[in-house]
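Reading the structure
Below, each chain spelled out in residue letters.
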Amino acid sequence: MDDLYREVIIEHYKNPAFRGKLDPHDLSFEDSNPLCGDHIQIDLRVDEKGVVSDARFDGQGCAISQASADLLLESVIGKSLDEIKVLNKDHILSLLGIDLGPVRLKCALLSLKVLKGGVYGMGSATDDLVE
Amino acid sequence: MAYDVNIVRKDFPILQREIRPGVPLVYLDSTATAQKPVSVIGAMDRFYKHSNANIHRGVHALAEESTALYENAREKIAKFINSPSDKQVIYTRNTTESINLVAYTWGRANLKSGDLVILTEMEHHSNLVPWQMLSTEKGIRLEFISVTGDGLLDLDSYQTLLTQNPKLVAFTHMSNVLGTINPAKEMIRMAHGAGAIVLLDGAQSVPHLGVDVQSLDVDFLAFSAHKMVGPTGIGALYGKENLLESMPPFLGGGDMIKVVKLRSFKPNDIPYKFEAGTPAIAEAVGFGAAVDYLVQLGMENISAHEHEITDYALERLIEIPGLKLMGPEANHKGGVAAFTLDQVHPHDVAQILDHDGIAVRAGHHCAQPLHEKFGIPASTRASFYLYSTKNEVDKLVDGLYKVKKYFG
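Residues numbered from 1 in each chain as written. Chains lettered and ligands numbered in written order. Predicted model: local features only at pLDDT ≥ 70, side-chain atom pairs only at ≥ 80, totals over all residues.

1. As for the overall build of chain A
Note the following rule: Secondary structure is summarised from DSSP: a helix means a run of H or I of at least four residues, a strand means a run of E of at least two, and numbering begins at the N terminus for each. Think of it this way: build a C-beta for each residue from its backbone, and any pair within 7 Å is a contact.
Scanning chain A from N- to C-terminus turns up 5 helices and 3 strands. Considering only contacts within chain A whose residues lie at least 6 apart along the sequence, 61% involve residues at least 24 apart.

2. Considerations on unusual backbone geometry
Trans is the common state for peptide bonds, and a negative phi is the common state for residues other than glycine. Put simply, the rule reads: The burial label depends on the number of other C-beta atoms within 10 Å of a residue's C-beta. Counts of 20 or more mean buried, 12 or fewer mean exposed, and intermediate counts mean partly exposed, with C-beta atoms placed from the backbone.
Cis geometry marks the peptide bond from Asp23(A) to Pro24(A); its omega dihedral reads 5 degrees. Ile270(B) connects to Pro271(B) through a cis peptide bond whose omega is 0 degrees. Although it is not a glycine, His365(B) sits at a positive phi angle of roughly 50 degrees. Along the polypeptide, His365(B) turns up in the loop between β16 (361-363) and α14 (368-373). For His365(B), a count of 24 C-beta atoms within 10 Å puts it in the buried group. At Cys366(B), a residue that is not glycine, the phi angle is positive and equals roughly 55 degrees. Mapped onto the elements of the fold, Cys366(B) is located in the loop between β16 and α14.

3. A word on the packing of helix α12 (residues 299-317) of chain B against helix α15 (residues 390-407) of chain B
Residue and element names in this part refer to chain B. Put simply, the rule reads: Interaxial angles span 0 to 180 degrees and are taken between N-to-C directions of axes, which are lines fitted to C-alpha atoms, for helices over the stretch in contact. In what follows, roughly perpendicular refers to angles from 65 to 115 degrees, roughly parallel to angles under 35, roughly antiparallel to angles over 145, and oblique to any angle outside these ranges. In a left-handed crossing the near helix is turned counterclockwise from the far helix by less than a right angle, and in a right-handed crossing that turn is clockwise.
Across the interface, α12 lies against α15 with an axial gap of 10 Å and an inter-helix angle of 20 degrees. Classified by the interaxial angle, the pair formed by α12 and α15 is roughly parallel. Seen from above, α12 lies across α15 with right-handed handedness. Within the contact between the two elements, α12 uses Ile309, Tyr312, Ala313, Arg316 and Leu317 and α15 uses Lys390, Val393 and Val397.

4. Concerning the packing of helix α2 (residues 63-76) of chain A against helix α5 (residues 102-119) of chain A
All names here are of chain A. Applied cut-off: Amino acids are sorted into nonpolar (Ala, Val, Leu, Ile, Met, Phe, Trp, Tyr, Cys and Pro), charged (Asp, Glu, Lys and Arg) and polar (every other residue, Gly among them).
Relative to each other, α2 and α5 sit at 40 degrees, their axes nearing to 8 Å. Seen from above, α2 lies across α5 with right-handed handedness. Every residue of α5 that contacts α2 at Ile64, Ser65, Ser68, Ala69 and Leu72 is listed here: Arg104, Cys107, Ala108, Leu110, Ser111, Leu112 and Leu115. Residue classes in the contact of α2 with α5 are distributed as 8 nonpolar, 3 polar and 1 charged.

5. Description of the sheet that holds strand β2 (residues 38-46) of chain A
All names here are of chain A. Stated formally: Two strands form a pair only when DSSP identifies at least two bridges running between them.
With respect to topology, 3 strands assemble into an open sheet ordered β1-β2-β3, the strand pairing being antiparallel. Every other strand in the sheet has two partners, leaving β1 (27-33) and β3 (52-60) as the edge strands with one partner each. Pairs of neighbouring strands in the sheet enclose a mean axial angle of 15 degrees, with direction left out of account. As judged from the 7 bridges shared by β1 and β2, these two strands associate in the antiparallel manner.

6. A closer look at the pairing of strand β9 (residues 220-224) of chain B
Residues and elements named next belong to chain B. Judged by how many residues are buried, β9 sits mostly within the fold: 5 of 5 residues are covered. Residues Phe220, Ala222 and Ser224 line one face of β9 and the alternating positions Leu221 and Phe223 line the opposite face, and both faces are buried. As paired elements, strand β8 (residues 197-201) and β9 share 3 bridges and run parallel to each other. Bridge pairing links Asp201 to Ala222 in β9. Examined bridge by bridge, β9 and strand β10 (residues 235-239) share 5 bridges and lie antiparallel to one another. Counterpart to Phe223 in the pairing with β10 is Ala236.

7. Concerning the interface of chain A and chain B
The interface is formed by 12 residues belonging to chain A together with 11 residues belonging to chain B. Residues belonging to the side of chain A that touches chain B are distributed by class as follows: 9 nonpolar, 3 polar and no charged.

8. What to know about α2(A)
Residues and elements named next belong to chain A. This is how it is decided: The length a helix should cover is 1.5 Å for every residue beyond the first.
Here α2 contains 14 residues, and its C-alpha end-to-end distance of 20 Å stays within 8% of the 20 Å for a straight helix at 1.5 Å per residue. With 12 of its 14 residues buried, α2 lies for the most part within the structure. One or two residues past the end of α2 sits Gly78, with phi positive at roughly 95 degrees.

9. Re the nonpolar core
Here is the rule we go by: In this description, a nonpolar core means buried residues of the types Ala, Val, Leu, Ile, Met, Phe, Trp, Tyr and Cys, linked to one another by C-beta atoms lying within 7 Å. Source of the domain bounds: an automatic or database domain assignment.
Within the largest apolar cluster, 121 residues are counted, with the highest numbers of intra-cluster contacts made by Leu221(B), Val285(B) and Ala290(B). At 10 residues, helix α11 (residues 281-297) of chain B tops the list of elements feeding residues into this core. When residues of this core are assigned to domains, at least three map to each of domain 1 (5-30 + 299-407) and domain 2 (42-296) of chain B. By size, the runner-up hydrophobic cluster in this structure holds 33 residues, among which are Phe29(A), Val52(A), Ala63(A) and Leu115(A).

See below:
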């Protein structure tokens, strides 16, 4: 269990640095995992060079999904939208520092799906975006 | 002879296994599917090793033997629910298919635009979506008996709906989330008084309570083998004879016909009219063995044991600070305890419990509207059956304190 609920995950879940909303924002996306009801909304501020200057997420879900969202946003501030487009599940797993089974992987990847779906301007996020 | 759960558990090989080295399985997910005793596994194994052949029409000895086993299982199931005859028990894949069968055949033939079907707010998706699909297709009207704050059906709202000339009332005998045992006999009597027929979802009640279709006077009863220690892939639909006779067939193909011409066919008699194609024969045999097993233990003994475990579980669970149980008091409830724990997400609860080998379910348990009604996205559910023990309840409670330690 210590492997799964590493301190970093519990810490980001309990005290997320990037939880909230950005007003005004340049981009806003949201999606849910219908299996467990997890829901994430992400707001981004993007400068004229297409670089993310600030980001926030809101929503509800398990420790894995919420901690992943917080870690992800921390990691994308300062990145360009093009750089975000190439992020995949390995990025999330390295942020979490753990390996996950297929069910929990979906929880972990929800925020990246939402972010990439939004950056690509798609109506909804799909699994193949994060493979 | 007194019911000895430790002897019963010896019949279930899976209950002897360890989930990880040194971590025995604590299986508290029987509402999703029950574990299988050796007698059921053995019956199916024996069928494939000794009697396997396709049923009906075959002239050779094996075909006769397999047909006899298949039909013998039907007899056992019919007797188990006190059906007046074997032919009123139709094999399906599961409860879901049984309900779909009624919606597709009886529903399409008898319901028209504007007709009212009464459901409840506590239905499993399997007793919601088939009617929603029929509503899209035919414009039937759906209304819902409301659920009270303590998890019971509001019979006043039912009474009001019954004045609107309903054609069908379809409801669960026992909620898979709240555990609520609904007053089926009374509700069926009320429906008949209003001129409606009744489909009862017996997925949870048939395995746990024992159901008598004649005493209930129910028109249709749907249930699955796998929740009553039988195999997956097979279930049953009971129907009143005149209804089944008057319904058009379901799927078309072999076995469901009497005569086939190039451009027409004549359907077979019941139950075969509804059993197209080669059915799940070994599973039917396993279904029969499952019924034998339950009968041998005695449904009254099973119910009494479950009641004892559930009472104990509810008593221990409410001691845990921050734990909120869903559903009614123990005396209206089957062996189900769904709950929320502080603000901890059910996935996290289930994950930490899994570390100690405890299998519970986390999510909305195929009852999304019910969770919405209670204003929560998901819950954790522990459920109990004939092999559950107080010791397993204690392990659950210890595990939940561990969850609190992590997230406290």
